[in-house]
Structure formats: C-alpha cells, structure tokens
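# Examining the three-dimensional arrangement
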Amino acid sequence: MNNLYQKYQQSSCVCTDSRNLTPDCLFVCLKGANFDGNKFAAEVLEQGAKYVITENRDLQDNPRAVVVDDALKTLQQLANYHRQQLKMPVIGITGTNGKTTTKELINAVLSTTYKTACTKGNLNNHIGVPLTLLSIQPTDEMAIVEMGANHVGEIADLCEIADPDFGLITNIGVAHIEGFGSKENIIQTKKALYRHVIAQGGTLFVNETDNVLRNGLSYDNVVYYGQDAEDQIVSMNPYLTIRVGTETVETHLTGSYNIWNFMAAAAVGCFFQIPDNVIAKALGNYVPSNHRSQVDRIGSNVIISDYYNANLTSMTAALKNLSQLDHPRKVAILGDMRELGDLSVEAHTEISQLAENLHIEAYFVGQEFGKVVKINVFADVEEANAYFAAHPLENAMVLIKGSNSMHLNKLTAILNA
C-alpha cells in the first residue's frame, strides 16, 4: 500500500470516469452491472492518466499500471490509508433527510475560519466516500464527509473507510425500506456512526428533541442542539428567517423542517469556536443550487424545487410546509417515491390524502401514484409536460418533489416557462 500511496501522491487527483479524465490523474478502473472500466485501462494511460489501478492482467508488465484483484476494494483501502495520514478533525454526517443540506451548511460555517474539504454533491456511497477522502489535501484543516446508505450495514462499512472522529445524524425515517427490510434495520444502520465515534472517543452532535436519536445514547462527549429550534423561526414566506444567538438571519432556503439543519450547523460552528455573528452571516449567505428546498421565480410562478430525492418523511414535511406558506394558489407536482417495497401503496396513498386534506392543488407523476390516484395523474414527465403546455400554471406557488429517478428536472413546461 505504501508503494501505491506514493503513486497517489505523485498524481494530480483520482478519477474513475474515463469521460472526464484529468491529466496526470490516478485512474481507478471500476466495474458495475453495465460497465467495466478495466476495458479502458490502456486507453486512459494513452489519454494522459499518470497511473491506473486495474484488474486487467494484460497490463501486468506496464510500470504505470497497478494490477489488483479488486479495484474497488483497493480504492477503499487507499482512501483509508490516506485518512490515517491526516491530522485533522473528520466530521461524518448521515441521516434519512437533510444530510446534504446540513453538510453544505456546516461547510459554509466552518469554511469562514478553516480550510475545509467537503463531500461534493452527494458522493456519499462506497465509491463517493473514498473519492472524497482522497480529495483532501495536506493544507486542509478540517473534513466533512457525507455518508449515505440503502442497505443494512453500509454506514458501518463507510465508517471503517472514513474513520470519523465527529458524528452527526440529521434524523432517521423511512427511506430505502426495500433495501433495509425494516425501520429498526434503518436505525441500527444509521447509528453505526454513533457507535464508531464513541469507540474512537470522539464527539457527537445530537438533536436533543429527537427521541429516536437519543434512545439508548449514554455517552459524555455529546453536543446537544435544537432544544428550542422551532422558537427560533421568525418567518417563512417563502424563505426561512431564523434567529442564531442574538442575530436574525434571512436564509435562502424554504421549509420549517430546515430549522434543524441550520441549528446543527450552528452547533458545529459554536463547538469549533466560531462567533455567533460569523455563523449567522455564513448561514444567511448560503444559496442552494442542488434542488433541495430551492426557491426560484419562473414567470409568474414561485417554484420550490425539491426534486433531488423523496421519501415518505420528506414528502410529508414538504407538503405541510407548502400549506403553511402565504400564497393564494398552492400547487404540488409530486413524483413517485422509490425503494419503498411493500410500503409503496400505503405511502403513496398517505401522500395523496395529505395533499387533499391540506387543500393543495396536486398533480402526480409515476406508476406508483397511478395505482392510488385517479385524477391529475401522469404516467411520466413527458405526459405531464404535454398537459402543462396546454394548461399552463400561472400566479402559483409550485412545489415540485419526487425521487431523482422520476426526472422531474425535465418538467420543462414549468421550469422553463
């Protein structure tokens, strides 16, 4: 591993996609159900990669090739080896909802004072976490690593790679239930972050009002936050205005549920001795660009773009937030929630009934909603676009939310109006 680590240090970065090759990179040949990067090992060397990690035995004698039995495992081992060389706090973040937003807010706060390395986008799985770690530079002072999971044991595996000494779980709800099997499995998988940090003697950041997170937690190094979070909401029409210490902050996010994400970021900033006024300014300056609680005015409509992901918990929160906002016409365009397994019919029924009970003008996209809804339902985005092109929405506040695989970002009749 030491020999490979030296090659990593001599490289400009680590790449896994031959379509986005960076000169002098260390290229890792990964394979999946529909692709095999090992087929391009020789080609990426010709195109400018400095070294390649590959399972292709034909390159055994090439001095720029590191031939291994399992390229993915080698990537993970290299990332952990790099992690062990780092002498800086590593903050691990997971949760069912809000982990990416919380990660971005924490980074916004910490980067006011420290040189931070942070997960890009949502590269939070068994490939993304190693790539995040390997992007950390010697000059960085702090790292924020997001961890996602869709099956039992995944967070424990990611903790073995990232070895965080600080941990924060945003919340634990029902998502990816198809892969987990039960909510208890979700809880135990997510709380592996707590167990790892505790074993390290590190520090946890815990929402004091969340009984699921606090249940069974007996540990001294805990920073609790959120005791009076809801009292810190000043207004939300549609942007959330909050109090941080003695400061009033006008944010660029909508949704009362985001108060917990703001309070988490403030707690982390306070722990690392960042003044309240600096924290408040950082939170106010953060502007989302990832379609998570993002607000834009398009034509005569106010669009709440929240279509990067969806599950029963987040969909419920988004609808309730829409109902609380002050606007004469409230519309929700909701796409299917994926990976719910046997709970899918029940969950989609619950959401459609909630929209009706909240008196929200709702439209539904996808086969799962099609099983439980009889009106204003479209098979796919193309069908929805055709409808809204013929019946354009005007002077409305529109929530667009659904699982990423529903491609609601292609709802051009609304988003390009």
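Before any of the text, the structure's been laid out above.
Keep in mind that what you see is a predicted model, and the values were worked out from it rather than measured.

Summed over the entire model, instances satisfying the criterion amount to 11 salt bridges. Among the ionic pairs, Lys103 bridges to Glu146, the shortest N-O distance being 3.8 Å. Of this pair, Lys103 sits in helix 4 (residues 99-110) while Glu146 sits in strand 7 (residues 142-146), and the two are 43 residues apart along the sequence. Assigned by exposure class, Lys103 and Glu146 land together as buried. Its salt-bridge partner being Glu368, residue Lys371 comes within 3.2 Å of it at the nearest N-O pair. Judged by relative accessible area, Glu368 falls into the buried class, the value being 19%. Several salt bridges share partner residues, and in doing so they unite Lys103, Glu104 and Glu146 into one network.

Here we have three strands laid out as an open sheet, ordered 11-12-13, and antiparallel in their pairing. In the strand order of this sheet, the two ends are held by strand 11 (233-236) and strand 13 (247-254), each with one partner. Going from strand to strand, the sheet's axes swing by 20° on average, the running direction of each strand aside. Each of strand 12 (239-244) and strand 13 touches helix 12 (residues 276-285); the most contacted strand, strand 13, lies at about 25° to it.

Once that is clear, we can look at the packing of aromatic side chains. Tallying each qualifying case throughout the model produces 15 aromatic pairs. With 5.5 Å between their ring centres and 90° between their planes, Phe205 and Phe271 make a pair best called edge-to-face. With a gap of 66 residues between them, Phe205 in strand 9 (residues 203-207) and Phe271 in helix 11 (residues 259-271) connect regions that are remote in the sequence. Through a chain of ring-to-ring contacts, three or more aromatic side chains come together here, namely Tyr114, Phe166, Phe205, Phe271 and Phe272. It is Arg214 that lies over the ring of Tyr224; its NZ or CZ is 4.8 Å from the centre. A cation sits over an aromatic face here: Arg292 above Tyr308, 4.1 Å from the ring centre.

So, on to helix 8 (residues 183-190). Looking at helix 8, one finds that the buried residues are Ile186, Ile187, Thr189 and Lys190. Buried residues along helix 8 cover an arc of 165° about the axis, so they all sit on one side.

Quick look at the side chain of Asn124 now. Locating Asn124 in the fold gives a position in the loop between strand 6 (116-118) and helix 5 (128-134). A distance of 2.8 Å separates polar atoms of two side chains, one belonging to Asn124 and the other to Glu146. Once you skip the residues sitting within four places of it in the chain, Asn124 turns out to touch Lys99, Val129, Glu146, Met147, Gly148 and Leu158.

Attention now goes to the side chain of Glu55. Checked against the element boundaries, Glu55 lands in the loop between strand 3 (51-54) and strand 4 (65-67). By relative accessible area, Glu55 is classed as buried at 17%. At 2.9 Å, the side chain of Glu55 and the backbone nitrogen of Ala71 are in polar contact. Contacts of Glu55, omitting those with residues within four sequence positions, involve Lys31, Asn38, Val67, Val68, Asp69, Asp70 and Ala71.

As a further point, take the nonpolar core. Core analysis: the biggest nonpolar cluster contains 60 residues, and Ile91, Leu110, Val244, Leu283, Leu319 and Leu334 have the highest contact counts within it. Examining the composition of this core, we find that eight residues originate from one element, helix 11, more than from any other. With near-sequence residues (within four places) excluded, Leu319 lies in contact with Ala332, Leu334, Ile351, Leu354, Ala355, Leu358, Ile360 and Leu399. If you look at the next biggest cluster of nonpolar residues, it comprises 48 residues, including Tyr5, Leu26, Val90 and Ile155.

The next subject is the pairing of strand 11. Pairing of strand 11 with strand 12 involves three bridges; the strand directions are antiparallel. Considered in strand 12, the bridge of Met236 is made with Leu240. With antiparallel pairing between neighbouring strands as the criterion, strand 11 and strand 12 make up a hairpin whose turn holds two residues.

Calculation notes
Residues numbered from 1 in each chain as written. Predicted model: local features only at pLDDT ≥ 70, side-chain atom pairs only at ≥ 80, totals over all residues. Heavy atoms only, no water. Salt bridge = Lys/Arg side-chain N within 4 Å of Asp/Glu carboxyl O. Helix = DSSP H or I, 4+ residues; strand = E, 2+ residues; numbered from the N terminus. Buried < 20%, exposed > 50% of the residue type's maximum accessible area, 1.4 Å probe, protein only. Pairing = 2+ DSSP bridges. Axes fitted to C-alpha atoms, helices over the stretch in contact; angles between N-to-C directions. Contact = heavy atoms within 4.5 Å. Phe/Tyr/Trp six-rings, centres within 6.5 Å; stacked < 30°, edge-to-face > 60°. Lys NZ or Arg CZ within 6 Å of the ring centre and 35° of its normal. Arc of directions from axis to C-beta. Polar contact = N/O pair within 3.5 Å; in protein donor to acceptor, adjacent residues only side chain to side chain. Core = buried A, V, L, I, M, F, W, Y, C linked by side-chain atoms within 4.5 Å.

Any link to function would need more than the numbers given here.
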